[in-house]
Amino acid sequence: MTALLEVEDLQVEIRNRRGAVHVVENVSFSVESGRAMGLVGESGSGKSMTLRAMMGLLPTEAHISEGRVLLNGEDLVTAPRRRLQQLRGPQIAMVFQEPMSALNPVMRVGEQIAEGPRVHLGLSRSQGADKALELMRRVGIPDPERRAFDYPHQFSGGMRQRVMIAIALSCEPRLILCDEPTTALDVTIQDQILRLLTGLCADTGTSLVFVTHDLPVVAEVCQTVAVMYAGRILESGGVTEVFRQPRHPYTLGLLRSAPDFAETREGLIPIPGAPPDPYAPPSGCVFHPRCAFATADCATQPMPLRQVTATRTTACIHDDRALESQKLLPVAQ
Amino acid sequence: MTDVIVASAGAAVPVERPAQRRATWYRNAPLIAGMTITGLLILVAVFAPLIAPYDPNKQNLAVSLVGPSAQHLLGTDQLGRDTFSRLVFGARVDLRVGFIAVLFPFVLGTFLGSIAGYFGGWIDIIVMRLVDTVVAFPFYVLVIALVFVLGTGERSIYIAITIVGWVSYARIIRGEILVAKQLDYVLAAQSGGLSSRRVIMRHVLPNVITQAIVYAMSDIVQDILAIVTLSYLGLGIAPPTADWGSMIAAGQDFLTTHWQLSTIPGLAVVLTGLGLSLLGDGLADLLRPGQR
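The following paragraphs examine the structure supplied in this document. (Residues numbered from 1 in each chain as written. Chains lettered and ligands numbered in written order. Predicted model: local features only at pLDDT ≥ 70, side-chain atom pairs only at ≥ 80, totals over all residues.)

1. Some thoughts on the overall build of chain B
Turning to step 1, where the next piece is worked out: Summing up its helical and strand segments, chain B has twelve helices and zero strands in all.
Turning to step 2, where the next piece is worked out: Its helices and strands taken in sequence order, chain B reads α-α-α-α-α-α-α-α-α-α-α-α from the N to the C terminus.
Turning to step 3, where the next piece is worked out: Seen along its three principal axes, the alpha-carbon backbone of chain B occupies a region of about 75 × 45 × 30 Å. (Helix = DSSP H or I, 4+ residues; strand = E, 2+ residues; numbered from the N terminus.)

2. As for the overall build of chain A
Turning to step 1, where the next piece is worked out: Per the secondary structure count, chain A includes twelve helices and twelve strands.
Turning to step 2, where the next piece is worked out: Expressed as a percentage of the 333 residues in chain A, the buried residues total 47%.
Turning to step 3, where the next piece is worked out: Considering only contacts in chain A between residues 6 or more positions apart, those separated by 24 or more positions represent 66%. (Buried ≥ 20, exposed ≤ 12 C-beta atoms within 10 Å, placed from the backbone. Contact = placed C-beta atoms within 7 Å.)

3. Considering helix α8 (residues 154–180) of chain B
Every α-helix carries 3.6 residues per turn, so stepping three or four residues along brings you back to the same face.
Turning to step 1, where the next piece is worked out: Along its 27 residues, α8 of chain B runs 37 Å from first to last C-alpha, staying within 8% of the 39 Å computed at 1.5 Å per residue.
Turning to step 2, where the next piece is worked out: At I163 of chain B, α8 of chain B shows its largest bend, some 35°. (Expected span 1.5 Å × (residues − 1). Bend = angle between axes of the 7 residues up to and from the residue.)

4. A closer look at the interface of chain B and chain A
Turning to step 1, where the next piece is worked out: In this assembly, 24 residues from chain B lie in contact with 27 residues from chain A.
Turning to step 2, where the next piece is worked out: Where the side of chain B that touches chain A is concerned, the elements lending two or more residues are α1 (2–12), α9 (184–191) and α10 (196–232) of chain B.
Turning to step 3, where the next piece is worked out: It is α9 of chain B that provides the largest number of residues to the side of chain B that touches chain A, a total of seven residues.
Turning to step 4, where the next piece is worked out: Counted by class, the side of chain B that touches chain A contains eleven nonpolar, nine polar and four charged residues. (Nonpolar A, V, L, I, M, F, W, Y, C, P; charged D, E, K, R; others polar.)

5. Digging into the sheet that holds strand β6 (residues 92–95) of chain A
Residues and elements named next belong to chain A.
Turning to step 1, where the next piece is worked out: Strand order across the open sheet formed by eight strands is β6-β7-β8-β3-β9-β10-β12-β11, with mixed pairing between neighbours. Of all the strands in the sheet, the pair left with one neighbour each is β6 and β11 (306–307).
Turning to step 2, where the next piece is worked out: In this sheet, strand β8 (residues 207–212) lies alongside strand β3 (residues 36–40) in parallel orientation, the contact comprising five bridges. Its bridge partner being in β8, G38 is matched across the sheet by F210.
Turning to step 3, where the next piece is worked out: With respect to the sheet, helix α10 (residues 249–257) is in contact with β9 (224–229) and β10 (232–238), its orientation differing from that of β9 by roughly 100°. (Pairing = 2+ DSSP bridges. Axes fitted to C-alpha atoms, helices over the stretch in contact; angles between N-to-C directions.)

6. Thoughts on the pairing of strand β1 (residues 3–16) of chain A
Residues and elements named next belong to chain A.
Turning to step 1, where the next piece is worked out: The pairing of β1 with strand β2 (residues 19–32) spans ten bridges and is classified as antiparallel. Bridged to L10 within β2 is V27.
Turning to step 2, where the next piece is worked out: As consecutive antiparallel partners, β1 and β2 are separated by two residues.
Turning to step 3, where the next piece is worked out: Where β1 and strand β4 (residues 62–71) come together, eight bridges link them in antiparallel fashion. By the bridge assignment, V12 is partnered in β4 with I64.

7. Notes on the nonpolar core
Turning to step 1, where the next piece is worked out: The biggest cluster of nonpolar side chains holds 162 residues, and the ones touching the most others in it are M37, L177, V209, F210 and V227 of chain A.
Turning to step 2, where the next piece is worked out: For V209 of chain A, the residues in contact, after removing those within four places along its chain, are V31, M37, L39, L51, L175, L177 and C178 of chain A. (Core = buried A, V, L, I, M, F, W, Y, C linked by C-beta atoms within 7 Å.)

8. Considerations on the environment of L279 of chain B
Residues and elements named next belong to chain B.
Turning to step 1, where the next piece is worked out: Following the sequence through the fold, L279 ends up in helix α12 (residues 260–287).
Turning to step 2, where the next piece is worked out: Once the C-alpha coordinates of L279 and L187 are considered, the two residues, 92 residues apart in sequence, prove to be 35 Å apart.
Turning to step 3, where the next piece is worked out: If we ignore the near neighbours within four places in the chain, the residues touching L279 are L31, G34, M35, T38 and M217.

9. What to know about the sheet that holds β2 of chain A
Turning to step 1, where the next piece is worked out: The sheet built from four strands is open, its strands ordered β2-β1-β4-β5 (chain A) with antiparallel pairing. Looking at which strands have only one partner, the edges of the open sheet turn out to be β2 and β5 (74–75) of chain A.

10. Here we look at the packing of helix α5 (residues 83–119) of chain B against α8 of chain B
Residue and element names in this part refer to chain B.
Turning to step 1, where the next piece is worked out: Taken N-terminus to C-terminus, the directions of α5 and α8 make an angle of 40°; their axes are 5 Å apart at the nearest point. Between α5 and α8, the crossing angle belongs to the class labelled oblique. Classified by chirality, the crossing of α8 by α5 is right-handed.
Turning to step 2, where the next piece is worked out: Within the contact of α5 with α8, the residues separate by chemical class into 21 nonpolar, eight polar and three charged. (Parallel < 35°, antiparallel > 145°, perpendicular 65-115°, else oblique. Left-handed = near helix turned anticlockwise from the far one by under 90°.)

11. Description of unusual backbone geometry
All names here are of chain A.
Turning to step 1, where the next piece is worked out: Of note, D9 is a non-glycine position whose phi angle comes to about 45°, a positive value.
Turning to step 2, where the next piece is worked out: Here D9 is to be found in strand β1.
Turning to step 3, where the next piece is worked out: Accessibility expressed as a C-beta count within 10 Å gives 11 for D9, which makes it exposed.
Turning to step 4, where the next piece is worked out: We note that D143 has phi near 55°; this positive angle belongs to a residue other than glycine.
Turning to step 5, where the next piece is worked out: Following the sequence through the fold, D143 ends up in the loop between α4 (125–138) and α5 (144–147).

This is a description of form; function is not addressed.
As structure tokens, then:
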């Protein structure tokens, strides 16, 4: 299989009065057709910025200072605005975190779903309405003939997220970017939405990039995962191997600080400290001030991602010790 | 700002909302009073030919400057024209010109405010510099000066009010759009590959336009006052067309003997202003807490 999406050395810079910061630094990953990749990390680790950069929808103060985002070999970073508008929808779509605020409050739901197909696929008003009904049925909204004429505030959170998914799917994109699509929902609804999303993507062969801080969700949805911290990817690989045998102390820390019901633990082990100030990132490894395994080397030399096996990369030079520690105090996943 | 609040409020009480709205509109005293006064005035203006007992421009020097009587409810002016008829036809002219005059600045200001707020950058800088320039002058002074340059007549009034009036709409809309364009649904619309024009017209503007509409209600008052003032100064509606401003000006000379000639059209202006202001206030109350 060839890679549908390739992100190469993506760097996002924010300039303001305090100077320039790189909120995304040398991020590279690829997603194959029909596969799902998870992007995990704490709040503020640059996950959402990475997604918005890929969509070309960065906030005004941020811009891509380096790197390429190749979709089917076409660079989205250098693509002109008109071309991007053609690609958004039929090639690449996005599902947002807050279904409450991501729908236009004064537009009927059916119209919102039909809008993409009408613009991109050239459907007439009535064809668009039919398409909206079909999509609402596919995402499991009951009574679509009536609900299509309702406004978003008349929908529950879970139903709104279904509408968002219907909008994302409406032009049959090759790739859907999901920005924490289930974080704002109840756990029971979360599971429904995840199943729906993965099911529909499996049917159509759509790839997913799934941003979340919820590790079990990644384990359920994705085949590969990249762990982000302070705008950098610290570790990547297949989901099972990364979660079973983490090769970065940060991944280990994330796993240990997540609650787990399969095996009751004495208590969660939080990662000490706080993420670094983006204006003054630590020298060497960005994680070393919070790292239990840190040695003098960690603070001095830069830590690029390196390949450890055919499928795995890590930015830690003590990855063996992280692995060792995992064996002594296993995290069930 | 309001949009954020609206979004979360909508989330909290999704079902009760429409019912609440329906229940509140008729309990809104300013709105009811404003609607009644403005409604009556509009009816008078529309049915002026049926209401007025005389032709407003027909002179009859035999009965000039008579006091109120059964034949002439409010007496006649120095040319023997029926004051009541002129008052009624004056409503027609002033209200029509006022309502039309508010449309042009509304459209121009909304357009320029939208592109300034949405695109930012140099467009925003240019538009906002223009706004600052216009705002530097008092409204009436600039309108009067412009009409003076352009010449009297309705067309000049429209042009002058548009040139001066659009800035308020541009400011309101720009501010609202600066907030709205950061909201998720605008981002979602952009991520759907919609053109900027479509995003503005279908997703951003419908959510912010209410603020401009509320402002337009109070703006009509200002415009009608401007028209009356211009006519009073002899720059607005050309005589002999009946208009409150010229009626006040003409009646001035007889203030000590026939006070009603100036006072009654003056009161009509006050009543119109009151009605539209109340309507604007009521509308603002109705739309602000929970737009939709």
